[in-house]
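The lines below spell out each chain.
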Amino acid sequence: MRRREVITLLGGAVLARPGLGHAQTPAGTGKRPVIGILALNASEKNTGFITGFLDALAKLGYVDGTSATIVSLYAAGEQRLLPMLASNLVRLRPDVIMADTASPIKAVRNAAPRIPIVGAIMGYPVEQGLITSFSHPGGNVTGMAASVENMYGKLVELGLEAVSGAKTMGLLVDPEGSGATLARRDFQAAAEKRGIGFHVAEAHVPDEIDYAIRLLADAGTAFICIAPSSMFNLNMRHIAQSALALRLPTITNNPERSDTGILLRYGVDYSENYQRAATFVDKILKGAKPGDLPVEFPTKLEMVINMKTAKALGIDIPPTLLARADEVIE
């Protein structure tokens, strides 16, 4: 299959990485494996994650153009594009697809219910019906969990520790985001457990972000947590600056490492997730069934505190919290 033919067929963004390698072909087929990649976002950080995945594949012997055919498509944060991209990708008859988050996974599964799928960042995979259980997924999906247990409770705790005397918190939610309802449930439970007030504001599109944050400010929230959302990921700097203008601290588990102005970030190092996803692809191409491969949990988490934002807000971050940070932006 020639690269030009792939581009013409898909009409989307294709990332090809020629090189050398000697991967094993799919068990019993004798042909070069075809590996598909479907990602919701197309940010610089996301393509960096994909590069890490491809590098991990190369170390396992799967290099595009020589020992494998690898096609990567991005939806540029547009959920509506996923069904079309998934259908086009499936037309290439890939042996396995790495679909990074829940929405691409669902799109691929709708297009081809039996094709093996590896997820790199799976939030609430059991509740969303992607797998039966973490230990035995049972279907055609496996991969890496998006977070560790009680992640949102930890974010609330860190917000209370960073913002002394906080009595209420806000949650910014994208209702269109995969797992938004479940994330809202867990954040609210964490707030109630700690005896603080809880307010929610929704933003469906970027143009609604400023209004939603103003609603939270008017409600008297002491800090804002940001629920996971691909739209929010692409607009994190906007969120941080909008909140800063209203003197609201922001807390997120978004993995973006650039200085967006978010006060505190704590979460999984997703680069590890993408690299480990390559090992699932390798096992599947060697004959393993996705349903028999237990979902793995992240092992590397990091906390980043932005002291520039803290100073602008007039917040004194406790030394004990600063000492636990993996990175402090001065």
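Coordinates for the structure precede this section.
Below you will find a few notes about this structure. (Residues numbered from 1 in each chain as written. Predicted model: local features only at pLDDT ≥ 70, side-chain atom pairs only at ≥ 80, totals over all residues. Heavy atoms only, no water.)

## Focus: the sheet that holds strand β12 (residues 327–329)
Definition in use: Strand pairing requires that DSSP identify at least two bridges connecting the strands. Helix numbers and strand numbers start at the N terminus; a helix is a DSSP run of H or I with at least 4 residues, a strand a run of E with at least 2. Axis definition: a line fit to C-alpha positions, over the contact stretch in the case of helices; interaxial angles, taken between N-to-C directions, run 0 to 180 degrees.
Read from one edge of the open sheet, seven strands run β7-β6-β8-β9-β10-β11-β12, paired in mixed fashion. With one partner strand each, in any of the chains shown, β7 (197–202) and β12 form the two edges of the open sheet. Between one strand axis and the next, the sheet turns through 20° on average, direction left out of account. Here strand β10 (residues 264–268) pairs with strand β11 (residues 301–306) via five bridges, running antiparallel. Its bridge partner lying in β11, Y266 is registered against M303.

## Thoughts on unusual backbone geometry
Glycine aside, negative phi is the norm for most residues, and most peptide bonds take the trans geometry. Put simply, the rule is: Buried residues are those whose accessible area, probed at 1.4 Å on protein chains only, stays under 20% of the maximum for their type, while exposed residues exceed 50% and partly exposed ones sit between those limits.
Although it is not a glycine, A76 sits at a positive phi angle of roughly 55°. Inspection of the secondary structure puts A76 in the loop between β2 (69–74) and α3 (82–90). Its relative accessible area of 44% is what places A76 among the partly exposed residues. With a phi angle near 50°, Y124 is a residue other than glycine that sits in the positive phi range. Looking at the secondary structure, you find Y124 in the loop between β4 (117–122) and β5 (141–145).

## A few points about the pairing of strand β1 (residues 34–39)
Taken across its six residues, β1 has six buried, putting it largely inside the fold. Burial of β1 is two-sided: the residues V34, G36 and L38 facing one way and the residues I35, I37 and A39 facing the other way are all buried. In this structure, β1 lies alongside β2, joined through six bridges in parallel fashion. Within β2, the position partnered with L38 by the bridge is L73. Looking at chain direction, β1 and strand β3 (residues 96–99) are connected through four bridges and run parallel. Of the residues in β3, the one forming a bridge with G36 is I97.

Remember that the coordinates give geometry; whether it matters functionally is a separate question.
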